[in-house]
Amino acid sequence: MSSSPNKLLVIDGHSMAFRAFYALPTESFLTDSGQYTNAVHGFTNMLLKLIREELPTHVILAFDLDTPTFRHTSYAEYKGGRAKTPEEFRGQIDLIKQVAEGMNIAVVTSEGYEADDIVATYATKADTAGWETLIVSGDRDTLQLVTERTTLMYPTSGLSKVAMLDPAAVEEKYLVPPLKYPDLAALVGESADNLPGVPKVGPKTAAKWITEYGSTRGIIENADRISGKAGENLREALADVERNLELNLLLRDLDLPVTLEDAELQVPDREVLDPLFDALQFNQIRERLFETFAARFPETVVAPTPTEALPEVTVTEDAEKLSEFLKAHAGAPMAIAVCLDRSGESLTTKPKRDEAARVAEALAVVLVPSASGDLTEAAEAAAEKDNDDDAANPAAEPTGVPALALSLTSLDSAADAVLAEWLGDPAAPKLVHDIKDAGKRLAWRGLHLRGAVEDTLISGYLIQPDRRNFAFTELVTQYLGASTDPASYLGCHDQDDAEASSSQGPDLFSSQDLLTGVTAEDLDAAALHGMLLHQLSQALGEQLVERNGEKLLREMEIPLAEILLQMELTGIAVSPEKLDSLDAEFAAAIEASAQEAYAVVGHEVKLGSPKQLQTVLFEELELPTAGVKKNKTGYSTDVETLQALLIKTQNDFLVHLMNHRDSTKLRQTVTGLMEAVNGDGRIHTTYAQTVAATGRLSSLNPNLQNIPVRTAAGRKIRDAFVVGPGYETLLTADYSQIEMRIMAHLSGDQALIEAFRAGEDLHNFVGSRVFGVEASEITPEQRSKVKAMSYGLAYGLSSFGLSKQLGIGVDEARNLMNEYFERFGGVRDYLREVVTQAKQDGFTSTIFGRRRYLPDLSSENRQLRQMAERAALNAPIQGSAADIIKQAMIGVDSALRAEGLESRLLLQVHDELIFEVAAGERDALEKLVTTHMGSAAELDVPLDVHVGVGSSWHEAAH
DNA sequence: TCTGGAACGTA
DNA sequence: CGTACGTTCCAGAG
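Heads up: these notes are all about the structure in this document. (Residues numbered from 1 in each chain as written. Chains lettered and ligands numbered in written order. Predicted model: local features only at pLDDT ≥ 70, side-chain atom pairs only at ≥ 80, totals over all residues. Heavy atoms only, no water.)

1. Quick notes on the packing of helix H30 (residues 738–747) against helix H36 (residues 825–841)
Phase 1: One can describe the packing of H30 onto H36 by two numbers: an axis separation of 9 Å at closest approach and a directional angle of 80 degrees. With respect to each other, H30 and H36 are oriented roughly perpendicular. Residues Met743, Leu746 and Ser747 of H30 form the contact with H36, whose participating residues are Gly826, Val827, Tyr830 and Leu831.
Phase 2: Residue composition of the contact of H30 with H36, grouped by class: five nonpolar, two polar and no charged. (Axes fitted to C-alpha atoms, helices over the stretch in contact; angles between N-to-C directions. Helix = DSSP H or I, 4+ residues; strand = E, 2+ residues; numbered from the N terminus. Parallel < 35°, antiparallel > 145°, perpendicular 65-115°, else oblique. Contact = heavy atoms within 4.5 Å. Nonpolar A, V, L, I, M, F, W, Y, C, P; charged D, E, K, R; others polar.)

What follows is the structure in structure tokens.
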């Protein structure tokens, strides 16, 4: 063991990145955005492994620059003849540097020098200081740096096998001690660097000479005395040898901007790493990284120092105490957490059944007032009075604000009433993380939550709509600093982790499942949660104001959350009989088409396995592969491909396969729905309010936003969604062509606006302009072309994409687009302007000011940039539509209540709302819905709403 | 058992 | 080489 506790890990970044690149297959590491990441993945993994196993105290990554080095200057052919860097490697070095930055690891480069020289400089410094050093490099030049304290880790094949070279190992393998390695290499030459050596002289001969004459210098001086062909060659190659010697020798005294001490290993920076790993789609690595660092820096996560004294939580069931507490803090925001108490512990392990009832029986509520001085006068007076009481003990430790924990399992009716009134009081301000989830739990317990002024989940979303994970602890870590990571000491580690990794949206057991009730630790955890909620709210609030999101939070998202909560609780009724019969019907269709398909090929195949299908289609049936799309696993077997093959070959297998696919997909949907039916005979989806980057909602468990509608068979499924008992009928209301209307409004294109104002059929109108004929003479074919283009424009469609979709030539598609833009120039100008403006601002905005940040608009990577440009085109349109229907839901909801109607909103499907109509309310509801949906936003074009009524979703769609 | 890819449903 | 989502199955990795 070295005398110093310090251990330096210094890595030749370029050489290891290359090793990683060639060790891992590129195809398996391709992000959705088209960036290859295999080198980044391999490199980061290796780095983590080294940190975990070698326990360095200091880490440095050395990189080459693109500019020439002194070696190139003195020898133009230096490193010449190397193959061009593969295209897939592009950008990966930069990403590795970003990973390093996020890990707070020093990245060092030096103009005119190579990474090896940097490695040599640090290794030498560390050695002199008595540090232990581990060099990781795939470049043999670094062999010369090995000493008793400095080990070289040299990969021998890929990344999996490495040699640990100490001086003895170097001598054994290369026949000379480390310091003599440059001498040997000078004689032998180094093909990787394009440095020829002495012909016919290999390591053996070279080593012999070095032993004899002490060094290559000595050999040169005595060159005349060396006999034989080798001696002759040596004398002829003296110039090369001299040059090699000069170039092989690493410089050990560069002047570098980072000192050894600067390179001390630190806690990683999640603010940098989280978005980066999101972009790289590195989820495993993210986990591994934080595990590694948690093990490495236990003190930073285990014992954080809260910036304020923890609130003092008292458990109470006393109505009077609760009442007094609430009065004392009246008017000031109160942090609230709704969690499972100890009696609910076993819940997480039991199977999912009657969750609502079981959760409701195991709830605890923790109330934590703000620590800062934002109390009302009454509260201040009360606080002062308390101080007087404590005057006898003025030098006591600073204590946190008093907080309350209530176990809802044991609350008596008096306390229950006090709590219920306060929770339901819209004038009593509350801070929550995930209102919809907390509200749902309380609703199951018969309590209503109103008056939320903050939801840190939604605030986080409005600030960073592209972010994936808004778990409480994640936000705390990011916005309040890593040192206050609550997960490590909240006593809810496992649950929170599970939630963080699995969360698509709120689930029953979500991030606020800190168990309260019994132990002091639990109370501290609850106290901390509440305190952090205040702090987080503060931090997010500042960001939110900066990003124009405050109004959206208060006036749109929070009210919406309360509506969504009701919709989720209500659910939609289904007909189990209809589902059953559809299930049977589709099952029979699946079986029939499978048998027919098997008959064609003569044996059974897994028709759902693209891999097996490839074999059957292109090997057994020998269908033509010319022009067939390829994907990572080989030839594509998607519908488009199958259709094309069918036209070419008329092979019946394809027909049966496609039928099988259709029926299977439909049956899956039906099966999924049957499994989702609750004890009340209804399906309760969950809306994710913080998932879609544009501002849309998404639906899950089950997804009711992708129930089939395009085919007759699919529509049968919609027929199984029915009006529930006690209600008269279903009513659907959808916006017609809302995205094109928004396009017309945003672009201000007079022709388009005119079309909507005139109330003409949009596509016929547009078609008549584009094709120069009367609207009444537009053929169905022309209409569908124009329709495809109109919608495509909002997605950033190219002429190529249009040609592919319409099955026409690129030229024709381009002409069509030109003609379109000729007639609707405002649209073209707008689309250009959107991207320009977004590049300038860094974000897009919807009509309601919802922003989407698109940093990739200025990316060097063309694919990334173009993807961001298309997102920029689409975000204001899709997002404005999302805003409008959200606004409409709020308007409709409040009107329903104002008019005292019993009818209720059940579902939202992006541009459509589905209601359950109470007896006798049909006309009133229709009027109300049309009015409020139609006036949700003031556009330059009318917002048309189409309403339908029927006893099933399918029927109501007419 | 977990994860990624392919496929496909919706607006 | 058209945006935004969620779910399912298979297959490879562990």
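2. Overview of the packing of aromatic side chains
Phase 1: This model, assessed by the stated rule, comprises 13 aromatic pairs.
Phase 2: Their ring planes at 80 degrees and their centres at 5.5 Å tell us that tyrosine 174 and tyrosine 181 sit as a pair that is edge-to-face.
Phase 3: Relative accessible area serves as the criterion here: at 14%, tyrosine 174 is assigned to the buried category.
Phase 4: Judged by relative accessible area, tyrosine 181 falls into the buried class, the value being 4%.
Phase 5: What links up through ring pairs into an aromatic cluster is the set Phe18, Phe21, Tyr22 and Phe89.
Phase 6: Over the face of the ring belonging to tyrosine 154 we find arginine 19, whose NZ or CZ atom lies 5.7 Å from the ring centre.
Phase 7: The cationic tip of lysine 430 hangs over the ring face of tryptophan 422; the distance from NZ or CZ to the ring centre is 4.7 Å. (Phe/Tyr/Trp six-rings, centres within 6.5 Å; stacked < 30°, edge-to-face > 60°. Buried < 20%, exposed > 50% of the residue type's maximum accessible area, 1.4 Å probe, protein only. Lys NZ or Arg CZ within 6 Å of the ring centre and 35° of its normal.)

3. Looking at the sheet that holds strand E13 (residues 430–432)
Phase 1: In spatial order, the strands read E9-E12-E11-E10-E13-E14; together these six strands make up an open sheet with mixed pairing. A strand with exactly one partner marks an edge of an open sheet, and here the two such strands are strand E9 (312–315) and strand E14 (452–455). Sheet twist, expressed as the mean angle between neighbouring strand axes with direction ignored, is 25 degrees.
Phase 2: The pairing of E9 with strand E12 (residues 402–407) spans four bridges and is classified as parallel. Opposite valine 313, over in E12, you have alanine 403 as the bridge partner.
Phase 3: Where helix H15 (residues 319–328) meets the sheet, its contacts fall on E9, strand E10 (334–340), strand E11 (363–369) and E12, and the angle it forms with E12 comes to roughly 140 degrees. (Pairing = 2+ DSSP bridges.)

4. Focus on the protein's contact with DNA strand B
Phase 1: Around DNA strand B lies a shell of 19 residues, among which Lys632, Thr637, Arg696, Val709 and Arg710 are the nearest.
Phase 2: A share of 78% of the atoms of DNA strand B within 4 Å of the protein falls on sugar and phosphate groups.
Phase 3: A distance of 3.1 Å separates a base nitrogen of DNA strand B from a polar atom in the side chain of asparagine 706.
Phase 4: Contact between DNA strand B and aspartate 911: a sugar or linking oxygen at 3.2 Å from a side-chain N or O atom of the residue.
Phase 5: Broken down by class, the residue content of the surface near DNA strand B amounts to five nonpolar, seven polar and seven charged. (Near = heavy atom within 4 Å. Polar contact = N/O pair within 3.5 Å; in protein donor to acceptor, adjacent residues only side chain to side chain.)

5. Quick notes on the protein's contact with DNA strand C
Phase 1: Taken together, 32 residues form the shell around DNA strand C, and within it Ser609, Lys611, Ser698, Asn701 and Asn703 come nearest.
Phase 2: Sugar plus phosphate, as a fraction of atoms of DNA strand C within 4 Å of the protein: 74%.
Phase 3: In the model, a phosphate oxygen of DNA strand C is placed 2.9 Å from a nitrogen or oxygen of the alanine 693 main chain.
Phase 4: Asparagine 701 places a polar main-chain atom, nitrogen or oxygen, 2.8 Å from a phosphate oxygen of DNA strand C.

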